[in-house]
Amino acid sequence: HHSNRVVAAEILDHRWGLTASRDGKIAIFELEGGALVQEMWASDTLLAASVCKGYVFAGLMGGPVEAFSIRNGGRSAFRYIAQRTPVRSMCTFPLAGNNIRVVVGGQDGALRQFQVRPVMSTEGVWKVPSDRSFDDRLILVCNTHVDQDTREVDQGFVLKGHKAPVVAVACDEDKVVS
């Protein structure tokens, strides 16, 4: 299903699996037989991915994280600037209600933490300068400034201390290990 190295793989449920590769392709496939069910494309080289509550979060070479709705045909739900350096690792964790914790490990040795939640909006689809459509069913809800035109976020809660790239990160609702 991919033309480049696979950087993430997850089993979504007893029927489907997900893989993501550096070429930006995110593929959902049947575990039995391997038939392609759905594909989504990130806007840049994909370096890390994580799945939570029906959304795929893709960490990109240029620093942004994009989220795609699995239930919504793979349309991009939002894009935000996690950092200005490549996303080297990331994890997601389901929180109470519809909230999702997203922790991103960067090339610069910093961790950035965001919290997102799905919401319904009457605004419809946002247009960004490149004419790419973003479905705004996810909004960021903490420690962030959202640009209303691009739906990009400046940064989340930053944890510093690593003197090298953060190549692995795990989290739960209280803790982060990197």
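Bear in mind the structure is a predicted one, so any value in this text is a computation, not a measurement.

Draft legend 1. Geometry of the overall build of the chain. Assigned secondary structure in the chain consists of 0 helices and 17 strands. Scored against the burial criterion, the 178 residues of the chain give a buried share of 46%. In the chain, once contacts between residues fewer than 6 apart in sequence are set aside, the share between residues at least 24 apart is 42%. Summed over all atoms, the accessible surface of the chain reaches about 8800 Å², with 49% contributed by carbon and sulfur.

Draft legend 2. Structural detail: the pattern of salt bridges. Counted by the stated rule, this structure contains 3 salt bridges. Measuring nitrogen to oxygen at the nearest pair gives 3.4 Å for the salt bridge that ties R15 to D13. Under the relative-accessibility criterion, R15 is labelled partly exposed at 43%. Note on D13: relative accessible area 26%, which makes it partly exposed. Close ionic contact of K25 with E39 constitutes a salt bridge, the shortest N to O distance being 3.2 Å. Of this pair, K25 sits in strand β3 (residues 25-30) while E39 sits in strand β4 (residues 36-41), and the two are 14 residues apart along the sequence.

Draft legend 3. Focus on unusual backbone geometry. Not every positive phi belongs to a glycine, and K53 is a case in point at roughly 50 degrees. Mapped onto the elements of the fold, K53 is located in the loop between β5 (46-52) and β6 (55-60). Residue class for K53 comes out partly exposed when judged on its relative accessible area of 29%.

Draft legend 4. A look at the nonpolar core. Within the largest apolar cluster, 15 residues are counted, with the highest numbers of intra-cluster contacts made by I26, L46, V56 and F68. At the level of secondary structure, the elements contributing two or more residues to this core comprise β2 (16-21), β3, β5 and β6. Residue contacts for V56: discarding those within four places in its chain leaves L18, I26, M40, S50, V51, E66, A67, F68 and I70.

Definitions and limits used
Residues numbered from 1 in each chain as written. Predicted model: local features only at pLDDT ≥ 70, side-chain atom pairs only at ≥ 80, totals over all residues. Heavy atoms only, no water. Helix = DSSP H or I, 4+ residues; strand = E, 2+ residues; numbered from the N terminus. Buried < 20%, exposed > 50% of the residue type's maximum accessible area, 1.4 Å probe, protein only. Contact = heavy atoms within 4.5 Å. Areas by Shrake-Rupley, 256 points an atom, 1.4 Å probe, with all protein chains shown as cover. Salt bridge = Lys/Arg side-chain N within 4 Å of Asp/Glu carboxyl O. Core = buried A, V, L, I, M, F, W, Y, C linked by side-chain atoms within 4.5 Å.

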